[in-house]
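Structure at a glance
For reference, the chains in residue letters:
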Amino acid sequence: MHELSVTQSIVEACLKKAGGAPVLRVTVEIGTLCCVMPDALWFCYDVVTTGTSLEGSELVIVRIPGRTRCRDCGDDIAMHDLLSRCPCGSDNLEAPQGGDELRIKSMEIEETA
Amino acid sequence: MCTTCGCSKHAHAWVTDLATGKVTAIVEPVDHDHARIDHRHTHPTHHHAHPHDHSDSPAHDHSPNRPHTSGTTIDLEQEVLAKNNRLAERNRGWLEGRNILALNLVSSPGAGKTQLLERTIHDLQNSVPISVVEGDQETVFDAERIGATGCRVVQVNTGTGCHLDASMLARALTALNPPRDSLVMVENVGNLVCPALFDLGEQAKVAILSVTEGTDKPLKYPHMFRASSLMVVNKIDLLPYVDFDLDACIAFARKVNPDIDVIPLSATRGDGLDRWYAWLNARLTALFETAS
Ligand SMILES: Nc1nc2c(ncn2[C@@H]2O[C@H](COP(=O)(O)OP(=O)(O)OP(=O)(O)O)[C@@H](O)[C@H]2O)c(=O)[nH]1
Ligand SMILES: [Mg+2]
Ligand SMILES: [Zn+2]
Ligand SMILES: [Zn+2]
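Reading the values: rules and limits
- Residues numbered from 1 in each chain as written.
- Chains lettered and ligands numbered in written order.
- Predicted model: local features only at pLDDT ≥ 70, side-chain atom pairs only at ≥ 80, totals over all residues.
- Heavy atoms only, no water.
- Donors = N, O, S within 2.8 Å, 3.2 Å for Na, K, Ca; no water.
- Tetrahedral: all angles 85-135°; square planar, octahedral: opposite > 155°, others 65-115°.
- Helix = DSSP H or I, 4+ residues; strand = E, 2+ residues; numbered from the N terminus.
- Buried < 20%, exposed > 50% of the residue type's maximum accessible area, 1.4 Å probe, protein only.
- Contact = heavy atoms within 4.5 Å.
- Arc of directions from axis to C-beta.
- Polar contact = N/O pair within 3.5 Å; in protein donor to acceptor, adjacent residues only side chain to side chain.
- Pairing = 2+ DSSP bridges.
- Right-handed = clockwise from strand over helix to strand, strands pointing away.
- Near = heavy atom within 4 Å.
- Areas by Shrake-Rupley, 256 points an atom, 1.4 Å probe, with all protein chains shown as cover.
- Nonpolar A, V, L, I, M, F, W, Y, C, P; charged D, E, K, R; others polar.

Residues and elements named next belong to chain A. The protein atoms that coordinate the zinc ion (ligand 4) are C70 (SG), C73 (SG), C86 (SG) and C88 (SG), at distances spanning 2.2 to 2.3 Å. Metal-centred angles of 105 to 115 degrees between the four donor atoms at the zinc ion (ligand 4) mark the site as tetrahedral. Taken in sequence order, the residues that donate to the zinc ion (ligand 4) follow the motif C-x2-C-x12-C-x1-C. Residue C73 is found in the loop between β3 (66-69) and β4 (76-79), and its partner C88 is found in the loop between β4 and β5 (102-109); the two are separated by 15 residues along the sequence.

And the structure:
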């Protein structure tokens, strides 16, 4: 399950940046055309963060749809997976733009009073 | 694997040199103490409804049962796979510097990667030096099969890992020490999902699909066929016995990747191998010409 490697990379980067401060929330962007499943990420996140300063923090996943243009009706459309069709029924689409994001956006750490 | 808390090193894979029998562990420093999958945790299982927001705006999915307290926001803006991608680029440079063509062979378990390699080595090893990196979770069986052809080979065992990553290939290449102007074949772990995500620094991925697996494989695993430059359809000697529609399969592959090359062949009986060798030779020639 590659979601485990992906989660380990996320957690490692956040631990490094947080420098020991308790983390409340981590926000990642995952494109809809990227082969990473949010459910699996959440599952791995709980496991991987246990015993670290990220334990109990919230993982927020922002889905970014890929964009493409329909070669039949010319519409610009969002792609929610690699097999998306245009609402006009056509599956004759240009190569998608974006949707392959896999990025750690930001995190929130506890405010020190 | 690290099974005790607080250890500072964590082996995640092993490289075996078949010629010397030397086994090297690939270890990575763990900069936190208790954060590995080995450490059983007691969190309750979360059940939650996941919003399938098909609007055009990005959907925010929240993990369940977590309070919405606020703190100080720190921007990271960091690619999750940055480290792997960096190492992959380093491999790519290393290979380029030695004028080596490296291909990453991916497929479901049993599609015929090792068989195709054995045959290719047999037929081409007098025209170009070939060496092989074998990736499997366990055993050195495939490396032994390759070694029996007289070819240089190292085995990477990933343990529980289901794909090779760039750090594993880096270690394998160091052990393999392939000659200049040569071909390195990397047989990834049999898996059509994860290897799509992990760049190794190869020049191209080759997806191998066998006719016993079903016509619609490219649609079921679109990411792998999207990431690959070539789809080899193997075991075509079995076409009379299975319900497999070659034209439909090719159309499915081109739907997810309009640029993908397709070569139907039989690694055991030999049909179509000439096209496979021509595909390899074109890449080798291009590489050797730009270098000279
Ligand atoms: N009929 C037929 N059988 C084949 C062909 N190619 C491979 N096989 C058989 O398919 C089986 C699996 O082949 P392998 O080469 O071990 O497959 P693999 O992809 O390396 O498998 P893993 O490393 O386990 O993922 C073996 O029994 C091969 O003999 C072919 O072209 N035709
Ligand atoms: Mg094999
Ligand atoms: Zn995986
Ligand atoms: Zn349309």
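Bringing the environment of A227 of chain B into the picture now. All names here are of chain B. Within the element layout of this structure, A227 appears in helix α6 (residues 222-227). Residue A227 is classed as partly exposed on the basis of its relative accessible area of 32%. Linking A227 and I260, residues 33 residues apart in sequence, is a C-alpha distance of 9.1 Å. Leave out the neighbours within four places in its chain, and A227 touches A196 and K205.

Take the coordination of the zinc ion (ligand 3) next. Ligation of the zinc ion (ligand 3) by protein atoms is provided by H2 of chain A (N), C162 of chain B (SG) and C194 of chain B (SG), these donors lying 1.9 to 2.3 Å from the ion. Separated into two different chains, H2 of chain A in helix α1 (residues 2-18) and C162 of chain B in the loop between β7 (152-157) and α4 (166-176) make up a pair that spans both.

So, about helix α7 (residues 246-256) of chain B. Residue and element names in this part refer to chain B. Looking at α7, one finds that the buried residues are C249, I250, A253 and V256. Down the axis, α7 shows its buried residues gathered within 125 degrees of arc, on one side only. Elements that come into contact with the buried residues of α7 comprise β9 (204-210), α5 (217-220), α6, β10 (230-234) and β11 (261-264). One side-chain oxygen of the residue at the start of α7 lies 3.2 Å from the amide nitrogen of D247, identifying that residue as D245.

Now for the pairing of β11 of chain B. All names here are of chain B. Taken together, the four bridges between β10 and β11 define a ladder with parallel strand orientation. Each bridged residue has a counterpart across the sheet, and for L230 the counterpart in β11 is D261. Tracing the backbone out of β10, into α7 and back to the parallel element β11 gives a crossover that is right-handed.

All names here are of chain B. Near ligand 1 there are 20 residues, and of these K113, T114, Q115, R145 and D237 occur at the shortest range. In the model, an oxygen atom of ligand 1 is placed 2.7 Å from a nitrogen or oxygen of the K113 side chain. Between ligand 1 and the protein, one listed contact pairs an oxygen atom with a side-chain N or O atom of T114 at 2.7 Å. Here ligand 1, which alone exposes 660 Å², has 73% of that area covered by the protein. Here the element with the most residues in the shell around ligand 1 is helix α2 (residues 113-124); it accounts for three residues. Classifying every residue of the shell around ligand 1 by side-chain character gives four nonpolar, nine polar and seven charged.

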